[in-house]
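One-letter residues, chain by chain:
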Amino acid sequence: TAEYMGNENGANTISEAFQTGLAITNETANESTNESTIDVVKRLLHACSDTLPKYSPKNKFFVPTLPAHVVKGIREYTATLPRMDQYIQTIEILVSMGVLYQSLFFDNCRRNILKEYIHRLKLLDCHELRGNWYNSLMVGIKGVGKSSFLQAIAVAHSVVGQQTTCIYYSCDAAPPADCSYLPSQMVAKYCDLQAVDIAGVIDELKSRKHSVFLILDEYQSVFHRPAEVGVPFHEEVSCIGSAPEGSLMAIVSGSAVNLRDLCFTHVDLDPVKYPSYMRGTSLNSQRFTPVCVTPLLVEADFVSCLEDMYERSETSQQVKDNILLVLENELYLHRSE
């Protein structure tokens, strides 16, 4: 069954492949191995994982595109789940297939952020976003996992969503081939639009009833670009935030400690270091609602995350032993207190 699912010619009867694989596993494997249904689905999909794209923070630009038979298989498995679980299970499957490079631990902070983004993405997918409240500025210290989190959401929505193109771009990198350093050009190219500016792109998306989920990571880099490059970029992002209806939803993210000030306030900065900082242009915190991704601040979350890493780890036994040692120390300290 797994080999059959790896063949694109099997896309039309993928339901039969799933049902056969699950039936066989339920009859012969579950009782003896305690293998869960999600593990079965991962194993079935793993057969075609070698040829799939891989996404990690090393990827500075991508438009996630998975084969139709893989998308259909994941959608069928997650179809009856609540919306939040659809995304989480999709991310887990994609991690197991190597499409996403690491598992995510969803503490309360990340679950709440994901829940809000899922609500907005559902409205975006159905062309029901109204007003200009749905864009977001994500901040957090360097290394807290913002890029991995956003990439996972983008790739998962490319599976769960129906009429939305997801685009991820790290602003500290060169633009993709045949594109200028402008959001409008990236969207126009990968959505096959004729428009040449951001206002035209938004209008054309609306007329075509197509949506775009745009992630602009490492946004602080925009302000370090030469003014002739960074200023038009920032002005286009501001225009996205001012659009009255949502055919294009943007998340701006970065690790700079002053990113929120750069985007929302007027501060005195060295024009040599920040040549594209414009005191007259603000993204407006009402239009780009700020969210903060925090480290694991609750001991129970930290212990649960380590346990989760231990269970999922496919690395060396030495790494697993180190995780177990930390776990034992944490639990010992907790009991001592």
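An account of the accompanying structure is given in this report. (Residues numbered from 1 in each chain as written. Predicted model: local features only at pLDDT ≥ 70, side-chain atom pairs only at ≥ 80, totals over all residues. Heavy atoms only, no water.)

Structural notes on helix 12 (residues 227–242)
For helix 12, built from 16 residues, the straight-helix expectation of 22 Å at 1.5 Å per residue is met to within 8% by its first-to-last C-alpha distance of 22 Å. Where helix 12 is concerned, the buried positions are Gly230, Val231, Phe233, His234, Glu236, Val237, Ser238, Ile240 and Gly241. (Helix = DSSP H or I, 4+ residues; strand = E, 2+ residues; numbered from the N terminus. Expected span 1.5 Å × (residues − 1). Buried < 20%, exposed > 50% of the residue type's maximum accessible area, 1.4 Å probe, protein only.)

So, the sheet that holds strand 2 (residues 135–139)
Overall, mixed pairing links the 6 strands, which are arranged 1-3-4-5-2-6 in an open sheet. Edge strands, defined here as strands with exactly one partner in the open sheet, are strand 1 (61–62) and strand 6 (288–292). Where strand 3 (residues 164–170) lies against strand 4 (residues 211–217), 7 bridges are found, and the strand directions are parallel. Within the sheet, the bridge partner assigned to Cys166 lies in strand 4 and is Phe213. (Pairing = 2+ DSSP bridges.)

Digging into the packing of aromatic side chains
Per the counting criterion, the structure on display carries 11 aromatic pairs. Ring centres of Trp133 and Tyr134 lie 6.0 Å apart, and the angle between their planes is 80°; on these two criteria the pair is classed as edge-to-face. Put simply, the rings of Phe61, Tyr169, Tyr181, Tyr190, Tyr219, Phe223, Phe233 and Tyr277 pair up and form one aromatic cluster. Its guanidinium or amino end placed over the ring of Tyr181, Arg225 lies 4.3 Å from that ring's centre, counting from NZ or CZ. (Phe/Tyr/Trp six-rings, centres within 6.5 Å; stacked < 30°, edge-to-face > 60°. Lys NZ or Arg CZ within 6 Å of the ring centre and 35° of its normal.)

Some words on the side chain of Asn135
Locating Asn135 in the fold gives a position in strand 2. When its relative accessible area of 0% is taken as the criterion, Asn135 is described as buried. Of note is the side chain of Asn135, whose polar atom sits 2.7 Å from the backbone nitrogen of Ala250. Not counting the four nearest positions on each side in its chain, Asn135 is found in contact with Arg120, Ile240, Gly241, Leu248, Met249, Ala250, Arg287, Phe288 and Thr289. (Polar contact = N/O pair within 3.5 Å; in protein donor to acceptor, adjacent residues only side chain to side chain. Contact = heavy atoms within 4.5 Å.)

A few points about the environment of Lys54
Along the chain, Lys54 falls in the loop between helix 4 (37–46) and strand 1. Taking the relative accessible area as the measure of exposure, Lys54 reaches 40% and is therefore partly exposed. Along the backbone, Lys54 and Val99 are 45 residues apart, and their C-alpha atoms lie at a distance of 4.4 Å.

That's the geometry; what it means functionally is another story.
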